[in-house]
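Fold and contact review
Here are the chains, one letter per residue:
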Amino acid sequence: MKEKDNRFISEEGRALMLGNEAVVRGCLEAGVSYAAQYPGTPTSDIGETFHQILREQPHLKEYLVHHWAINEAVASSECAGAAWTGCRVLNPMKHVGLNVASDALSVIALNGPNPGAMVILVGADPGSLGSHQEQNERFYTWMFHFPCFEPHTPQECKDYTKLAFELSEKFDTVVEIRTSTRSAHSRGYVELGPIKNGSSKGKFERNIPKYNSLPPHAINNHVRLYERIEKIRQEIPNLGINKLILGENTTGIITSGMPFGYTMEALNQLDLNDVPVLKLGMIYPLNYNEITDFLEGLDKVIIIEELEPFLEVKVSEIAQKHKINVEIIGEEYFQKYNEYSTGLVAKSLANIFSRTPSQQMKNAIEYFNSYKELIPSRFPTFCAGCPERATLYSILKATNHLENTVVCGDIGCFVMSFFPPQECSDLIICMSGGLSAAIGMSEKTDQRVIAFIGDSTFLHTGMSPLAEAANYDSNVLLFIFENSWTAMTGHQPVLGLTERKLSIEKICEAIGVRWLRVEDSYHPKHLTNSIEKALETDGLKVIIIRRECALQAHRWRTQQIRKLEQDGNKVQEVLYHITGCQMCYECARILSCPAIRKTEVDGMETMQIDEDRCIKCGVCYEICPNSGIHKSIIDALETEVPFREL
């Protein structure tokens, strides 16, 4: 039996934690009683950690609630509602999720979270390590006036979380914690403190001017928001979050978050130990005195930050307003895209300070780059047995490899469909943007238009464009991939579907979809035939691909087999093997299953199935045009354990 994770039980000592886990620990110590989020990398495991804690400590359910929300805007409004009953609430999201939540948050920021407290945690993603773009969402902090902490270590993740709730409650202000993929998933030791139970129940007190931001209250709340921000600006020096590293050099550095770590390592490598550094724990608002005190006496100040020059603009503004004659260096030396590294920062600093990088530094960079040659470069791909892979195969067959066909992709595992060999996605905008683009495209082209959407995305924001497509009877074929899991962000449940409480089929019927089919991509010939019929039909067509995520399905099936065998039962076993292969590459280049590879047997080239990777979906057996893939059933009269049906 798995032991309880004492990192979320102990009230003293220290524990090794990821940055995201440290945020959750900070919530427990701050008395948070409500959290809501839509899963998105790099913040998904915050919700996973909450659910782990609630499973292992079920008594906390009296005080603590975590919701997987339908989308970020819903999650933000949920959290505001709970805060207005007097609770402390956490609202995590990824950087692009802030776009979805922004409509709600723009008003919630005006209202303020009192009598409770509300902290949003935004996971940035420089380098697009787990996202479809690397948007610099820091500008929202200025637009909506969110005081924003940017932690560097897991310890700071915990400490800043507790501090954020205190500021939010004290100043009636929504406060942001900004992490990045690196800080969210970096490990470090965290000092533990007392855990505080949150509010079991609260009470909403009617206050029309505060909670109804319509004229004239909207203007009054806007004025009040500026007043709150100025109070927090004055409070910053008392928080102890901005750190000054002294130095005699007349060129200084201002930085924050992960770039601070790269900066300190780079300065050490370049033997520039006399450079003063101001490390900002809060990147908005900035305390004018702290910034001007640092700038006074410097000839130059270097701003080191990932992505667009947010801090550089704000520091330049302060210097100009206070008539400080200092050269501000930033974007001309530091790239405005991709994530940074110690080597990148060191190269730029070496250029600025006219230093030659040490041999040790050169060796480290060469050593790092050498791994690019050792590790084979390959495209991301679908898992063996993925129902989306099988669907793409049928689409390619039905359209003669996309002849005169446009495919409007979307967010989900199927984003990988634009990679070779399928190359089966022509555009990606945002969640549900594929169907929206397809509506407009279908009006202005005679090409066949196909759109993709996942089940989680469909519930997130997909019903609105489907309603429009149904209203205009747009000439679009929409595939809805119903695999029952938010797979790409870590297999969180799809709200309502995983629990079998909602039906996408019934939703489509209620919206007004007249041409509707439910298909199983593990039967590719039947699916191909349905696609051909759909493309011959004018107007809106919807095909729901109902088949569980292969990873989850395989795990469940393996568990069932193990249980039966432990009880002494014999289980039917299915094997697929290749003999008489004609090397047509149908399975390898069109289906492109990673469990099938080319090998040599008795001097002859052939394809072979890797039994360790094969999940026995049988799609390759169904599609082989030369009957070279064979199916064997061992113990055929014993218990059969098929994949579970959705």
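Our subject is the structure listed above.
Residues numbered from 1 in each chain as written. Predicted model: local features only at pLDDT ≥ 70, side-chain atom pairs only at ≥ 80, totals over all residues. Heavy atoms only, no water.

The next subject is the overall build of the protein chain. Scanning the protein chain from N- to C-terminus turns up 22 helices and 25 strands. For the protein chain, whose C-alpha radius of gyration is 28 Å, the value lies close to the compact-globule estimate of 26 Å for 646 residues. The principal-axis extent of the C-alpha atoms belonging to the protein chain is close to 80 × 65 × 60 Å. Counting only residues that meet the buried cut, the protein chain has 56% of its 646 residues in that class. (Helix = DSSP H or I, 4+ residues; strand = E, 2+ residues; numbered from the N terminus. Rg over C-alpha atoms; globule rule 2.2 N^0.38 Å. Buried < 20%, exposed > 50% of the residue type's maximum accessible area, 1.4 Å probe, protein only.)

Right, let's talk about the pairing of strand β16 (residues 448-454) for a bit. Within a regular strand, the side chains alternate between the two sheet faces. Across the seven residues that make up β16, a large majority, six, are buried. In terms of strand pairing, strand β15 (residues 405-408) meets β16 through four bridges, oriented parallel. Directly across from Val407, in β16, lies its bridge partner Ile450. Direction of pairing for β16 relative to strand β17 (residues 477-482): parallel, over a ladder of five bridges. Its bridge partner lying in β17, Ile453 is registered against Ile480. Once you follow β16 into helix α17 (residues 455-472) and on to β17, the crossover reads as right-handed. (Pairing = 2+ DSSP bridges. Right-handed = clockwise from strand over helix to strand, strands pointing away.)

So, on to the sheet that holds β17. Strand pairing in a sheet is mediated by backbone hydrogen bonds. Such pairs are either parallel or antiparallel. Ordered in space as β15-β16-β17-β21-β20, the five strands form an open sheet in which the pairing is parallel. Only two strands of the sheet have a single neighbouring strand rather than two, namely β15 and β20 (515-519). Across the sheet, the mean angle from the axis of one strand to that of its neighbour is 20 degrees, orientation sign disregarded. With respect to the sheet, α17 is in contact with β16, β17 and β21 (541-546), its orientation differing from that of β16 by roughly 135 degrees. (Axes fitted to C-alpha atoms, helices over the stretch in contact; angles between N-to-C directions. Contact = heavy atoms within 4.5 Å.)

Below, the discussion takes up the environment of Val65. Tracing the sequence through the fold places Val65 in strand β3 (residues 65-68). Take Val65: its relative accessible area is 29%, and that puts it in the partly exposed class. Distance from Val65 to Gln566, taken between C-alpha atoms, is 37 Å for residues 501 residues apart in sequence. Not counting residues up to four positions away in its chain, the partners in contact with Val65 are Ser33, Tyr34 and Ala35.

Now for the packing of aromatic side chains. All chains considered together, the criterion is met by 14 aromatic pairs. When the ring of Tyr140 is compared with that of Phe144, the centres are 5.5 Å apart and the planes differ by 40 degrees; the resulting orientation is tilted. Linking Tyr140 with Phe144, this pair stays in helix α5 (residues 139-144), spanning four residues, or about one helical turn. Since its relative accessible area comes to 16%, Tyr140 is described here as buried. For Phe144, a relative accessible area of 9% translates into the label buried. Judged by centre distance (5.8 Å) and plane angle (50 degrees), the ring pair of Tyr576 and Tyr621 falls under tilted. A residue pair is termed long-range when its members are at least 10 positions apart, and Tyr576 in strand β22 (residues 573-578) and Tyr621 in helix α22 (residues 619-623) qualify at 45 residues. We classify Tyr576 as buried; its relative accessible area is 6%. Looking at Tyr621, the relative accessible area reads 36%, which means it is partly exposed. Members of the aromatic cluster, connected to one another through ring pairs, are Phe414, Phe452, Phe479 and Phe481. Across the ring face of Tyr189, the terminal group of Arg14 is positioned such that the distance to the ring centre comes to 4.1 Å. Sitting over the face of the ring of Phe643, Arg557 holds its NZ or CZ atom 5.3 Å from the ring centroid. (Phe/Tyr/Trp six-rings, centres within 6.5 Å; stacked < 30°, edge-to-face > 60°. Lys NZ or Arg CZ within 6 Å of the ring centre and 35° of its normal.)

Moving on, we come to a nonpolar patch on the surface. Together, Tyr367, Tyr371, Leu374 and Ile375 line one region of the surface with nonpolar side chains, adding up to about 470 Å² of accessible area. If you trace the backbone, Tyr371 turns up in helix α14 (residues 359-374). Of the residues examined, Tyr371 reaches a relative accessible area of 37% and is grouped as partly exposed. (Patch = residues over 30% accessible without salt bridge, like charges linked within 9 Å, V, L, I, M, F, W, Y side chains within 5 Å. Areas by Shrake-Rupley, 256 points an atom, 1.4 Å probe, with all protein chains shown as cover. Salt bridge = Lys/Arg side-chain N within 4 Å of Asp/Glu carboxyl O.)

What follows concerns a negative patch on the surface. The grouping of Glu565, Glu573, Asp635 and Glu638 at the surface amounts to a negative patch. Inspection of the secondary structure assignment puts Glu565 in helix α20 (residues 550-566). The exposure class assigned to Glu565 is partly exposed, which follows from its relative accessible area of 49%. (Lys, Arg positive; Asp, Glu negative; His and termini not counted. Charge placed at Lys NZ, Arg CZ, Asp CG, Glu CD.)

A separate point is the nonpolar core. Within the largest apolar cluster, 56 residues are counted, with the highest numbers of intra-cluster contacts made by Phe452, Phe479, Ile531 and Ile543. Take this core: its biggest share by element is six residues, from helix α15 (residues 387-398). Discounting chain neighbours no more than four positions away, the residues touching Ile531 are Ser394, Ile395, Ala398, Leu477, Phe479 and Ile543. (Core = buried A, V, L, I, M, F, W, Y, C linked by side-chain atoms within 4.5 Å.)

A few words now on the sheet that holds strand β11 (residues 277-280). With mixed pairing, five strands are arranged side by side in an open sheet as β9-β11-β10-β13-β14. Single-partner strands in this sheet number two, and they are β9 (243-245) and β14 (327-329). Looking at each pair of strands side by side, their axes are set apart by 20 degrees on average, direction ignored. Note that strand β10 (residues 251-256) and strand β13 (residues 300-304) share five bridges and pair parallel. Bridging across to β13, Thr251 finds its partner in Lys300. Strand contacts of helix α12 (residues 310-321): β10, β11, β13 and β14, with the helix running at about 175 degrees to β14, the strand carrying the most contacts.

Packed helix pairs are characterised by how far apart their axes lie and by the angle those axes make with each other. At a minimum axis separation of 11 Å, helix α6 (residues 154-171) and helix α9 (residues 217-239) run at an interaxial angle of 140 degrees. Considering the angle they form, α6 stands oblique to α9. For the crossing formed where α6 meets α9, the hand is right-handed. The residues of α9 that touch α6, namely those facing Leu163, Leu167, Lys170 and Phe171, are Arg228, Lys231, Ile232, Glu235 and Leu239. Class assignment for the residues of the contact of α6 with α9 results in five nonpolar, no polar and four charged. (Parallel < 35°, antiparallel > 145°, perpendicular 65-115°, else oblique. Left-handed = near helix turned anticlockwise from the far one by under 90°. Nonpolar A, V, L, I, M, F, W, Y, C, P; charged D, E, K, R; others polar.)

This brings us to the side chain of Ser442. As for its position among the elements, Ser442 is in helix α16 (residues 433-444). Since its relative accessible area comes to 13%, Ser442 is described here as buried. A polar contact is formed between the side chain of Ser442 and the backbone oxygen of Ile439, at a distance of 2.8 Å. Excluding anything up to four places from it in sequence, Ser442 contacts Val449, Ser474, Asn475 and Val476. (Polar contact = N/O pair within 3.5 Å; in protein donor to acceptor, adjacent residues only side chain to side chain.)

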